[in-house]
There are 2 protein chains.
Amino acid sequence: MDRTGRAPRGSAIRELLAITANRSVIGFGGGLTAPELFPAAELAECLARVLADRPASALQYGPTEGLAALRETLAARLSQRGIDVAPDGVLITTGSQQGLDLLAEAFLTKGSPVMIEAPTYVGALQALSAHEPEFKAFSVDGDGFQVDALEEWVDVHGRPDLIYTVPTFGNPSGVTMSYRRRERLIELARKLAVPLLEDDPYSELSYDGLPPVAMRAMPGGEDVIHVGTFSKVLAPGIRIGYVVAPRVVLERLILMKQGRDLHTDALAQNMVAEYCTRFGLDSHVERLRGSYRERRDAMLVALRRTMPASVSWTQPAGGMFLWLTLRAGRETGELLRTAVAAGVSFVPGTAFHADGGGANCMRLNFTSSSLEEIAQGVGILARLISDKA
Amino acid sequence: MDRTGRAPRGSAIRELLAITANRSVIGFGGGLTAPELFPAAELAECLARVLADRPASALQYGPTEGLAALRETLAARLSQRGIDVAPDGVLITTGSQQGLDLLAEAFLTKGSPVMIEAPTYVGALQALSAHEPEFKAFSVDGDGFQVDALEEWVDVHGRPDLIYTVPTFGNPSGVTMSYRRRERLIELARKLAVPLLEDDPYSELSYDGLPPVAMRAMPGGEDVIHVGTFSKVLAPGIRIGYVVAPRVVLERLILMKQGRDLHTDALAQNMVAEYCTRFGLDSHVERLRGSYRERRDAMLVALRRTMPASVSWTQPAGGMFLWLTLRAGRETGELLRTAVAAGVSFVPGTAFHADGGGANCMRLNFTSSSLEEIAQGVGILARLISDKA
């Protein structure tokens, strides 16, 4: 994406990271976690232990499906959230992005109808787009995916080849799908025997009580394909994600993954398993929750204080993002260039739409900036928006 | 692959690793490096330093094209071998397997003619097969790829979409392509404007003097696509490979890689860059060379001593493998079951052929077994082969 947000989607994430890497700009653009919260010393301790105790496991070729110890850790952890899965029902992937890529390859061919949310995760659009499917986008309201509209579409057009959703603390919307809608979506997918892909990177980053139950954990949700990651709860740079899927799907993904990269970094897998055993992920996640909750609250307060009445935004109960809507006709793609010059970045809404919609919207990240930067950055944005509100 | 070597290629590597993991079997089957030679303590030191000095670089999202410091290290290292490339001409990949996968996606569609060696690397067959190309296999003699036959094919059929070769210390053959053949292959690829993919994981593991010059470093070889890896010279488990390619190709690969896994593990990339700076790779590689040379020699001696006259084998000047040919009609796929029961594994030759050829051949790895195991394992094999020689 160039600075106006108009270039090909393909380069969007990469260029966003480039903008965010510019230290003089307050970065609401990236999907970054807070670097000062990385448990770097603890991870170094885990790595020292792993390399002393089991160097061959960490440095030698390993199984394509993932390190047994990590699959066990994950299965136990997922079961705490009601996701009933055996270790051999979990595939370790090179980030959850690889999970999306493999699933796209498994289910899509040119012209395949895929139901997605509007707006939706830009990395999913990229992984799915490689197979040139037909995107059927359904707008999100305060309760998430509008399942009514999906049902109507199916009545007319029949079965899609895939349904993709980020139901909990959605990226970029910050919205969470209601329990009732989840039930209906599971029912729809079951009735049509359509793979339902639940992309769930954010559930553990819940700021107002417990997160909603995953669709994979709900009655009838046994066949939901659940994709997760350690990126948001530990560190994104190590690229450790996972897929929970029915055995027949998982077998196909494992064969594909072999051709893609043989297996995911064994050192990083060992490190994560060791961290979970030695330190437990829960206390770290609790620390993240406390810090990110403050930042979310600071952003909501700043928005209420400074934004003109023509602007609305979502109220995320978790995750990393909120979604801002300007008056119709206002182009956030154009605004980005001015904003970066004024010292703040965001992602224009078009990046999250398969069809170029969302031109008057933007995604704001609240997890990677300090409270001061959040207040200051939102102030700058409000001034720029008000100038031509 | 099942124990008879007859099952789908898709699962070949995975199942081989499973066989090799069985400690009671002498493993000539895997493509494993010697675990006792991993510089585990030095790597632990590098990781401690990286996590103390630059935790955000190691744990945060990073650029798709790879860590700048590692690309610089690689460009400098490659230039020592005559491969003239700037840091931004190098793409870091999740193992060289990902390089093969991305290049297959870039150049192949269903039915694309691809010229390959027979036998060739099983992981390449797997990556390329995903696009359902037409494999045109040309058998290897003592000087490698038989370029004559390629030229003849082209005269009749025209331009292929890709030429794939492991020219130096080939896997599985152990054979090295002669300089004259390399010249002619480069010329052929240039004349036809066909991408020429030089898969080069083994050059640094040279046991009889300097390795041959890479095609990418030869006159006229500027457009050769050169794929390499740290798997054989440092550790395979960390999945760090690279692609050197013309800028226009690299840009396409980078966009694809974004959709595949966003970027390669940043912690592992930092570790490798730190290791190269702090310890230098050369002294470690020299250690590997010394140890692997002994093992290669031990295997050649054992073969000479024990094998019946009906068996022949290659004389690798480097790398990890040699290729054994039994009398015509003898099936190594059948032999494998007996061999594993008797305490030794290998890979039947059919795994390395797109068309099921090589049934009377096998690949032997000499880098992951001790000198005693090599003598003992070859002895067992010779006895089994002689029984029905």
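This text gives an overview of the structure that appears in the document. What you are looking at is a predicted structure, and each value in this text was computed from that prediction instead of being measured.

## Things to note about unusual backbone geometry
Residues and elements named next belong to chain A.
Reasoning step 1: Look at the link from N171 to P172: it is a cis peptide, with omega at 10°.
Reasoning step 2: Examined against the element boundaries, P172 turns out to sit in the loop between β6 (162-165) and α8 (179-192).
Reasoning step 3: One non-glycine residue, E132, adopts positive backbone phi at about 50°.
Reasoning step 4: Looking at the element boundaries, E132 is found in the loop between α6 (122-129) and β4 (134-141).

## A short note on the sheet that holds strand β7 (residues 196-199) of chain A
Residue and element names in this part refer to chain A.
Reasoning step 1: In space, the 8 strands of this open sheet follow the order β2-β9-β8-β7-β6-β3-β4-β5, with mixed pairing throughout. Every other strand in the sheet has two partners, leaving β2 (90-94) and β5 (144-145) as the edge strands with one partner each.
Reasoning step 2: Pairing geometry for β4 and β5, over 2 bridges, is antiparallel. Residue pairing across strands places V140 opposite F145, the latter belonging to β5.
Reasoning step 3: The sheet strands contacting α8 are β4, β5, β6 and β7, and the helix crosses β7 at an angle near 145°.

## Describing the relation of the copies chain A and chain B
Reasoning step 1: When chain A is brought onto chain B, the operation consists of a screw motion whose angular component is 180° and whose axial shift is 0.0 Å, with 0.0 Å RMSD remaining. Both copies are brought into coincidence by an operation consistent with a two-fold rotation axis.
Reasoning step 2: A symmetric contact is evident, with 100% of the interface residues of chain A recurring at the interface of chain B.

## Points about the pairing of strand β9 (residues 240-244) of chain A
Residues and elements named next belong to chain A.
Reasoning step 1: Of all 5 residues in β9, 5 are buried; the element is thus mostly enclosed.
Reasoning step 2: Both faces of β9 are covered, namely the face carrying I240, Y242 and V244 and the face carrying G241 and V243.
Reasoning step 3: Two strands pair when backbone bridges link them, and β2 and β9 are joined in this way by 5 bridges, in the antiparallel orientation. In the sheet register, L91 faces β9, and the bridge partner there is V243.
Reasoning step 4: Across 4 bridges, the pairing between strand β8 (residues 225-229) and β9 is antiparallel. Among the inter-strand pairings, H226 is bridged to a residue of β9, identified as V244.

## A look at the environment of A130 of chain A
Reasoning step 1: The topology assignment puts A130 of chain A in the loop between α6 and β4.
Reasoning step 2: What makes A130 of chain A partly exposed here is its relative accessible area of 42%.

## Details of the packing of aromatic side chains
All names here are of chain A.
Reasoning step 1: With the rule as written, the count across this model stands at 11 aromatic pairs over all chains.
Reasoning step 2: For the pair Y202 and F321, a centre-to-centre distance of 6.1 Å together with 90° between the ring planes defines the contact as edge-to-face. Here F321 lies in strand β11 (residues 321-325) and Y202 lies in the loop between β7 and β8, a separation of 119 residues in the sequence. Here Y202 and F321 have matching classes, each one buried.
Reasoning step 3: Judged by centre distance (6.3 Å) and plane angle (70°), the rings of Y207 and F366 are edge-to-face. Taken together, the positions of Y207 in the loop between β7 and β8 and F366 in the loop between β14 (361-365) and α13 (371-387) put the pair 159 residues apart, joining distant regions of the chain. Note on accessibility: Y207 and F366 belong to one class, buried.

## Thoughts on the state of the cysteines
All names here are of chain A.
Reasoning step 1: By the definition in use, this model includes 0 disulfides over all chains.
Reasoning step 2: In this model C276 remains outside any disulfide bridge; the closest cysteine sulfur is found in C46, 8.8 Å from its own.
Reasoning step 3: What makes C276 buried here is its relative accessible area of 14%.

## A look at the pattern of salt bridges
Reasoning step 1: This model, assessed by the stated rule, comprises 49 salt bridges over all chains.
Reasoning step 2: Between E151 of chain A and R184 of chain A there is a salt bridge; the shortest N-O distance is 2.8 Å. Taken together, the residues E151 of chain A in helix α7 (residues 147-157) and R184 of chain A in helix α8 connect sequence positions 33 residues apart.
Reasoning step 3: Here D101 of chain B ties to R260 of chain B by a salt bridge, and the two come within 2.8 Å at their closest N and O atoms. Of this pair, D101 of chain B sits in helix α5 (residues 95-107) while R260 of chain B sits in helix α9 (residues 247-261); the two residues are 159 residues apart in sequence, bridging distant segments of the chain. Judged on exposure class, the residue D101 of chain B and its partner R260 of chain B are both buried.
Reasoning step 4: Bridged by salt links that share partners, the residues D101, E105 and R260 of chain A together with D101, E105 and R260 of chain B form one connected network.

Definitions and limits used
By convention here, each chain's residues receive numbers from 1 onward along its written sequence. Chain letters start at A and ligand numbers start at 1, both assigned in the order the entries are written. For this predicted model, a pLDDT threshold of at least 70 governs which residues receive local features, and a threshold of 80 or more governs which side-chain atom pairs are given and counted, while totals over whole chains, interfaces and linings are taken from all residues. Each side-chain value is derived from all of the structure's non-hydrogen atoms; neither hydrogens nor water enter the calculation. Strands are runs of DSSP state E lasting at least two residues, helices are runs of H or I lasting at least four, and both sets are numbered from the N terminus onward. Here, any two strands with at least 2 DSSP bridges between them count as paired. We call two residues in contact whenever any of their non-hydrogen atoms come within 4.5 Å of each other. Here, axes are lines fitted to C-alpha atoms. For helices the fit covers the stretch in contact, and angles between N-to-C directions go from 0 to 180 degrees. For the least-squares superposition of copies, only C-alpha atoms count, and only for residues with pLDDT at least 70 in both. To sort residues, take the accessible area from a 1.4 Å probe on protein chains only and compare it with the maximum for the residue type: under 20% means buried, over 50% means exposed, and anything in between is partly exposed. Note on aromatic pairs: the rings of Phe, Tyr and Trp (six-membered ring only in Trp) are paired at centre separations within 6.5 Å, and the planes decide the class, stacked below 30 degrees, edge-to-face beyond 60, tilted for the rest. Cysteine sulfur atoms that come within 2.5 Å of each other are treated as a disulfide pair. Definition used for salt bridges: Asp or Glu carboxyl oxygen within 4 Å of a side-chain nitrogen of Lys or Arg.

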